[in-house]
Amino acid sequence: MSDAPRATPSVPMEQQRCGFVAILGAPNAGKSTLVNAMAGTKVTIVSPKPQTTRFRVRAVLIEGEAQIVLVDTPGIFSPRRRLDRAMVSAAWGGAKDADFSLLVVDVKSGLTEAVRTIIERLAEQKRTVWLALNKVDLLPREILLPLAAKLHEMLPFAETFMISAEKNKGLDKLREKLAEAMQPGPWMFPEDELSDLPNRMLAAEVVREQILRQTHEEVPHYASVETESWTERPDGSARVDCTIYIARASQKAILIGDGGTRIKEIGRKARLELTALLERPIHLFLNVKERPGWDEERGRIRALGLEDEG
């Protein structure tokens, strides 16, 4: 990921164009799936559960002379916990820091209250916003067009795209238009860098993705993963030790499973994923600790790469 060998840019600096695009939306709109599809590789974790993304992750795309930096942000929802507030703040911070925003709307869910709230705030900011209607393969055109019209009544989007991130539909046009919108200026990242996510955070996120996929109810949202150590080995492999923090003893029991079966399977799948992503052997070791109220702790929130919003 971000600590891969760096190559010399193939485009002369005077011809380079670059820009940041914040990917915004309600939870489960398909933002991370879109970012991964656009990047052509996995740079951010995905799962069917809402609030999968907890902090900003930048994916770096090269399209001709343009470097497009997509900023994947947490889904925007009504926060309750200190962690929730930090996640939502990270999303709006990503929008503020970017050149413009791309609002992703799940057409199956349509104009929900969450989408309406996001659009109202975007309208107040008076900044350039593009619209991507996602999962269009699931609905007929006669439903899509009225939805697009309704959204445009609320906010005059500069560009609108009909896409399916999962099916890779409409992404070529989106990528082309994004490249055209990038302003003249030097590339911000090396050409061979796909993401700014350090390998230690990547490991923690891949483990958390398996927790999201293999556990249910409250467990995934009350689990946090931290890479405690990363040890390079002489044979080119690495030993990675991660700690999973869970809020309650009952959740810990579910996470570990009968005879440790579930935690072993989480570790096995995460190890295979990391080995494939990093293209070298990874020896992954997991430890589970009960830590009540971790999602209200300033230190834990900062360890996740988030700013404490109080």
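Residues numbered from 1 in each chain as written. Predicted model: local features only at pLDDT ≥ 70, side-chain atom pairs only at ≥ 80, totals over all residues. Heavy atoms only, no water.

Peer 1: I'd like a rundown of the side chain of Thr44, residues and numbers included.
Peer 2: The topology assignment puts Thr44 in the loop between helix 1 (31-39) and strand 2 (57-63). Residue classification places Thr44 among the buried positions, given a relative accessible area of 5%. At 3.1 Å, the side chain of Thr44 and the side chain of Asp72 are in polar contact. Beyond its immediate stretch of four places on either side in the chain, Thr44 contacts Ser32, Val35, Asn36, Thr53, Val57 and Asp72. (Helix = DSSP H or I, 4+ residues; strand = E, 2+ residues; numbered from the N terminus. Buried < 20%, exposed > 50% of the residue type's maximum accessible area, 1.4 Å probe, protein only. Polar contact = N/O pair within 3.5 Å; in protein donor to acceptor, adjacent residues only side chain to side chain. Contact = heavy atoms within 4.5 Å.)

Peer 1: Give a description of the nonpolar core that names residues and reports values.
Peer 2: Among the nonpolar cores identified, the biggest contains 72 residues, and Leu103, Leu133, Leu151, Val207, Ile244 and Leu306 are the most heavily contacted of them. If you look at the next biggest cluster of nonpolar residues, it comprises 26 residues, including Met38, Leu61, Phe161 and Leu174. (Core = buried A, V, L, I, M, F, W, Y, C linked by side-chain atoms within 4.5 Å.)

Peer 1: Kindly report on the sheet that holds strand 9 (residues 238-246), identifying the contributing residues and their values.
Peer 2: Sheet strands associate in pairs through backbone hydrogen bonding, adopting either a parallel or an antiparallel arrangement. Reading across the sheet, the 3 strands line up as 8-9-10 and stay open at both edges, with mixed pairing between neighbours. Pairing within the sheet leaves two strands with one partner each, and these edge strands are strand 8 (223-232) and strand 10 (282-290). The sheet shows a mean angle of 20° between the axes of neighbouring strands, direction not considered. Examined bridge by bridge, strand 8 and strand 9 share 9 bridges and lie antiparallel to one another. Each residue of the ladder has a partner; that of Thr227, found in strand 9, is Cys242. (Pairing = 2+ DSSP bridges. Axes fitted to C-alpha atoms, helices over the stretch in contact; angles between N-to-C directions.)

Shape is all these values report; function is a separate question.
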